[in-house]
Amino acid sequence: MDKESCMSNMRKQFENMKAEDFAEVWNKYDADGNGFIEGRELENFFTDFVMRNRDSSAAAISPTMLEEMIKQHMCAYDEDEDGRIGMSELAEILNQEENFKLILRTQDAKRSRKDFDEIWCKYDSDQNGYIDSAELKLFLRDLLPDSKVCDASLDKYAAALLKMLDSNDDKKLERQEMEKFFAVTD
């Protein structure tokens, strides 16, 4: 199996992965728990996923080919170019909805009612019970204050959230929909 086929198969496997499964995989390979897959962890990650995706009759992956695959992946997903992959960088492989769920899960998405109310009122200033699509990105930035999510990712997350929750496709989210999704606690 050539490196393009291996990379394509790996992307397909991640695109169909649920956020919970991704978090489990992440924890397996981030052996030192520092929040990054780097060095030997990255080699182990790629070796395992390449081996899982290859045809049993295919030749073994050479160290050079493995190194090239890692290099290609780093070029595509190492956004801050620090030579290691953070969870949010690797999660870009996931489909948008699952990527967003993963980011929320890693940011301790449970909010108190008071915190949620303060954020909600800031963006639902006319108190009509909706946050429209233009306000949603700013809402998410406040809701995820500790994350290092760039504007492009916020756009994707806002679109994913609308896709998941906007049942009548009016590009607005009701308060009740948001409370359920963000697991607001009393």
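What you see as residue numbers is a count from 1 along each chain, following the sequence as written. The predicted origin of the model limits local features to residues at a pLDDT of at least 70 and limits the giving and counting of side-chain atom pairs to 80 or more, whereas totals for whole chains, interfaces and linings rest on all residues. Each side-chain value is worked out from all heavy atoms of the structure, with water and hydrogens disregarded.

The chain is annotated in an unreviewed UniProt entry as Calbindin-32-like of Acanthaster planci.

Moving on, we get to the nonpolar core. Formed by 24 residues in total, the largest nonpolar core has its most connected members in Phe14, Phe22, Ile37, Leu42, Phe45, Phe46 and Leu90. Mapped onto this core, the elements with two or more residues apiece are α2 (19–29), α3 (40–53), α4 (63–77) and α5 (87–90). Helix and strand definitions follow DSSP, with helices as H or I runs of at least four residues and strands as E runs of at least two, each counted in order from the N terminus. Broken down by element, the residue count for this core peaks at 6 residues, all from α4. Residue types Ala, Val, Leu, Ile, Met, Phe, Trp, Tyr and Cys, when buried and joined through side-chain atoms within 4.5 Å, form a set referred to as a nonpolar core. Think of it in three bands: residues with accessible area under 20% of the maximum for their type are buried, residues over 50% are exposed, and the middle band is partly exposed, with areas taken using a 1.4 Å probe on protein chains only. In this structure, Ile131, Leu154, Leu161 and Met178 belong to the second largest nonpolar core, which totals 17 residues.

Moving on: empty space enclosed by the protein. A cavity, in this analysis, means grid points on a 1 Å lattice covering only the protein atoms where a 1.4 Å probe fits yet has no way out; a pocket is instead an open set bounded by protein on both sides within 12 Å along at least five of seven lines, and a residue lines either one if it has an atom within 4 Å of a point. Grid points are joined across faces, edges and corners, and a volume is the space filled by probe spheres set on the points. Applying the stated criterion across every chain, the model contains 1 cavity of 30 Å³ or more. Around the largest cavity, the lining residues are Tyr130, Asp166, Ser167, Asn168, Asp170, Lys172, Glu174 and Glu177. Note on residue classes: Ala, Val, Leu, Ile, Met, Phe, Trp, Tyr, Cys and Pro are nonpolar, Asp, Glu, Lys and Arg are charged, and everything else, Gly too, is polar. When the residues that make up the lining of the largest cavity are grouped by side-chain class, the tally is 1 nonpolar, 2 polar and 5 charged.

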